Amino acid sequence: RSSDLHVSSTTMQHILDEGRHAHYLYKMANKLNEGELDYSLVPNAKATAHYYNRLYVSAKKILEKVDTSLSVDDLDYNVFCFVVSTVELRAIKMFKVLNRLSNQYDWGVNFNLLISDELEHLNMVNEPLKSILNSADPGYQKFIAYEGRFYNYYLKSLEKYFNA
């Protein structure tokens, strides 16, 4: 509810970290490109919005079944944490791959700080979920399977755009 809006300092720090990560990646991409990239060529946000919407709806359905006693606000916050945890896992994997590529091709870019930040974020968003959901829970496993399908669909949407 907008009248009850409160953003914790931890969440604000998380948002600031993500902005810093985006700026770092922007600078790294321009450095590797040896000039400013033309970001007007990046696809519109439709595929991304679709991916996040599907994650949100799936997470909400699962968490509603797992704990029927959650208030609307608690449910929304836990859904947020569930979705963000998935995004953090994807980011950690991506940064580890980028780190290996940087070492292999001598890019002179280090992603260890970003990996460390994302691990911290992952712990932060997983904390509230511990009491209602664990990785062995069938609902969690179902969500991970859905997310994998959604992510593959998302990647195919981007590939179509870039191959068009």
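Residues numbered from 1 in each chain as written. Predicted model: local features only at pLDDT ≥ 70, side-chain atom pairs only at ≥ 80, totals over all residues. Heavy atoms only, no water.

Enquirer: Is there a simple way to think about the overall build of the chain in this case?
Expert: Helices and strands together make up the secondary structure of the chain, namely five helices and zero strands. The linear arrangement of helices and strands in the chain, starting from the amino end, is α-α-α-α-α. For the chain, with 164 residues in total, the buried portion stands at 31%. Sequence-distant contacts in the chain: of pairs separated by 6 or more residues, those separated by 24 or more amount to 71%. For the chain, the accessible area works out to roughly 10800 Å², and carbon and sulfur atoms hold 56% of it. (Helix = DSSP H or I, 4+ residues; strand = E, 2+ residues; numbered from the N terminus. Buried < 20%, exposed > 50% of the residue type's maximum accessible area, 1.4 Å probe, protein only. Contact = heavy atoms within 4.5 Å. Areas by Shrake-Rupley, 256 points an atom, 1.4 Å probe, with all protein chains shown as cover.)

Enquirer: Which parts of the structure should I look at to understand the packing of helix H2 (residues 46-66) against helix H3 (residues 72-105)?
Expert: Each pair of packed helices can be described by the angle between their axes along with the distance between the axes. The geometry of H2 relative to H3 is characterised by a closest axis approach of 9 Å and an angle of 130° between their N-to-C directions. Of the possible angle classes, the one that applies to H2 and H3 is oblique. In the packing of H2 onto H3, the handedness of the crossing is right-handed. Each of Tyr51, Tyr52, Leu55, Tyr56, Ala59, Lys60, Ile62, Leu63 and Glu64 in H2 lies in contact with H3, whose residues at this interface are Leu75, Asp76, Asn78, Val79, Phe82, Val83, Thr86, Val87 and Arg90. (Axes fitted to C-alpha atoms, helices over the stretch in contact; angles between N-to-C directions. Parallel < 35°, antiparallel > 145°, perpendicular 65-115°, else oblique. Left-handed = near helix turned anticlockwise from the far one by under 90°.)

Enquirer: Can you help me understand the environment of Met94 in this one?
Expert: Mapped onto the fold, Met94 is located in helix H3. Exposure remark for Met94: the relative accessible area of 39% places this residue in the partly exposed category. Along the chain, Met94 and Ile115 lie 21 residues apart, while their C-alpha atoms are 9.1 Å from each other.

Enquirer: Looking at this structure, I do not really get unusual backbone geometry. What am I missing?
Expert: Generally, phi is negative for residues other than glycine and the peptide bonds are trans, each holding for most cases. Phi is positive for Asp106, which is not a glycine, with a value near 55°. Considering the arrangement of structural elements, one finds Asp106 in the loop between H3 and helix H4 (112-126). Classification of Asp106 as exposed rests on a relative accessible area of 68%.

Enquirer: Where do I start with the pattern of salt bridges in this structure?
Expert: Pairing between side chains becomes possible if they bear opposite charge and their charged atoms approach one another. Within this structure, the stated rule accounts for four salt bridges. A salt bridge links Asp17 to Arg20; the nearest nitrogen and oxygen atoms lie 3.3 Å apart. Here Arg20 and Asp17 lie together in helix H1 (residues 9-33), a separation of three residues that amounts to about one turn. The salt bridge involving Glu147 is made with Arg90; its shortest N-O contact spans 2.8 Å. Here Glu147 is found in helix H5 (residues 138-163), whereas its partner Arg90 is found in helix H3, with 57 residues between them in sequence. What you see here is one network of salt bridges that share partners, running through Asp17, Arg20 and Asp117. (Salt bridge = Lys/Arg side-chain N within 4 Å of Asp/Glu carboxyl O.)

Enquirer: Is there a simple way to explain the side chain of Thr86 in this structure?
Expert: Structurally, Thr86 can be placed in helix H3. Looking at Thr86, the relative accessible area reads 5%, which means it is buried.

Purely spatial values, then, with no claim about function.
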